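# Remarks on the overall topology
Read off the chains here:
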Amino acid sequence: MAKRGPKTVGVSYRLGLTPGIFMESLVKVADNSGATLAKVIGVPHYKAVWRRIPGAAVGDVVIVSIRAGKPELRKQVMRAIVIRQKRPYRRADGTWIAFEDNAVVIITPEGDPKGTEIRGPLAKEAAERWPKLPPMASIIV
């Protein structure tokens, strides 16, 4: 017999966005924390499927390894929030949006941003999910 009731697909924290950042992706660090380039090495809270590469969308937290920047930050493993992605994704109002690059903002273990400003635009989805990011951004798209 089929199950009845509301059908829940996916998990609540994913917002239903198309993932555009995957494991081993090189992403630009868009804040002034001292890092300039990072590699995604993990996606927390990802529900694994056999042989599927974990992905993250705008507003998700990823674990990154700093590849370029200040010498004291290089080779450090940190958490970051995805603020832009190249892959187009659909918003609730029906519009599609894509950015020029993949970018993240480094955060502390407590969830506060490490830098004090964000270079370039900030996606509206990340701004709504993380209230400490909009005051740092010059433009929200």
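Bear in mind that the values here come from a model prediction, so they are computed numbers and not experimental data. (Residues numbered from 1 in each chain as written. Predicted model: local features only at pLDDT ≥ 70, side-chain atom pairs only at ≥ 80, totals over all residues. Heavy atoms only, no water.)

Here we come to the pairing of strand β10 (residues 118–122). In the sheet, β10 pairs with strand β11 (residues 137–140) via 3 bridges, with the strands oriented parallel. The partner of I118 across the bridge, within β11, is A137. Running through helix α1 (residues 124–129), the crossover from β10 to the neighbouring parallel element β11 is right-handed. (Pairing = 2+ DSSP bridges. Helix = DSSP H or I, 4+ residues; strand = E, 2+ residues; numbered from the N terminus. Right-handed = clockwise from strand over helix to strand, strands pointing away.)

To continue, consider the environment of A123. The topology assignment puts A123 in the loop between β10 and α1. When the C-alpha atoms of A123 and V82 are compared, they prove to be 9.1 Å apart, with 41 residues separating the residues in sequence. A123 has contacts with V58, I83, Y89, F99, I140 and V141, leaving out every residue within four places of it along the chain. (Contact = heavy atoms within 4.5 Å.)

Its place among the elements puts R91 in the loop between β7 (89–90) and β8 (96–97). Taking the relative accessible area as the measure of exposure, R91 reaches 12% and is therefore buried. Setting aside its immediate chain neighbours within four residues, R91 contacts I97, K124, E125 and V141. (Buried < 20%, exposed > 50% of the residue type's maximum accessible area, 1.4 Å probe, protein only.)

With that settled, the discussion passes to unusual backbone geometry. Unlike most non-glycine residues, E24 shows phi in positive territory, near 75°. Note on placement: E24 falls in the loop between β1 (21–22) and β2 (26–29). With phi around 65°, H45 is a residue other than glycine that occupies positive phi space. Counting through the fold element by element, H45 comes out in the loop between β3 (35–42) and β4 (55–56).

With that out of the way, let us pick up the sheet that holds β3. With mixed pairing, the 5 strands of this closed barrel are ordered in space as β2-β3-β5-β6-β9. Direction aside, the axes of adjacent strands within the sheet are offset by 55° on average. For strand β5 (residues 61–69) and strand β6 (residues 77–84), the ladder comprises 5 bridges, and the chain directions are antiparallel. Bridged to V64 within β6 is M78. (Axes fitted to C-alpha atoms, helices over the stretch in contact; angles between N-to-C directions.)

As a further point, take the pattern of salt bridges. Counting across every chain of the model gives 6 salt bridges. A salt bridge links R84 to D101; the shortest N-O distance between them is 2.9 Å. In this pair, R84 is assigned in strand β6 and D101 in the loop between β8 and β9 (103–107), connecting sequence segments 17 residues apart. Its salt-bridge partner being K132, residue D112 comes within 2.3 Å of it at the nearest N-O pair. One end of the pair, D112, is in the loop between β9 and β10; the other, K132, is in the loop between α1 and β11, and 20 residues separate them in sequence. Taken together, the shared-partner salt bridges connect K28, R84 and D101 into one network. (Salt bridge = Lys/Arg side-chain N within 4 Å of Asp/Glu carboxyl O.)

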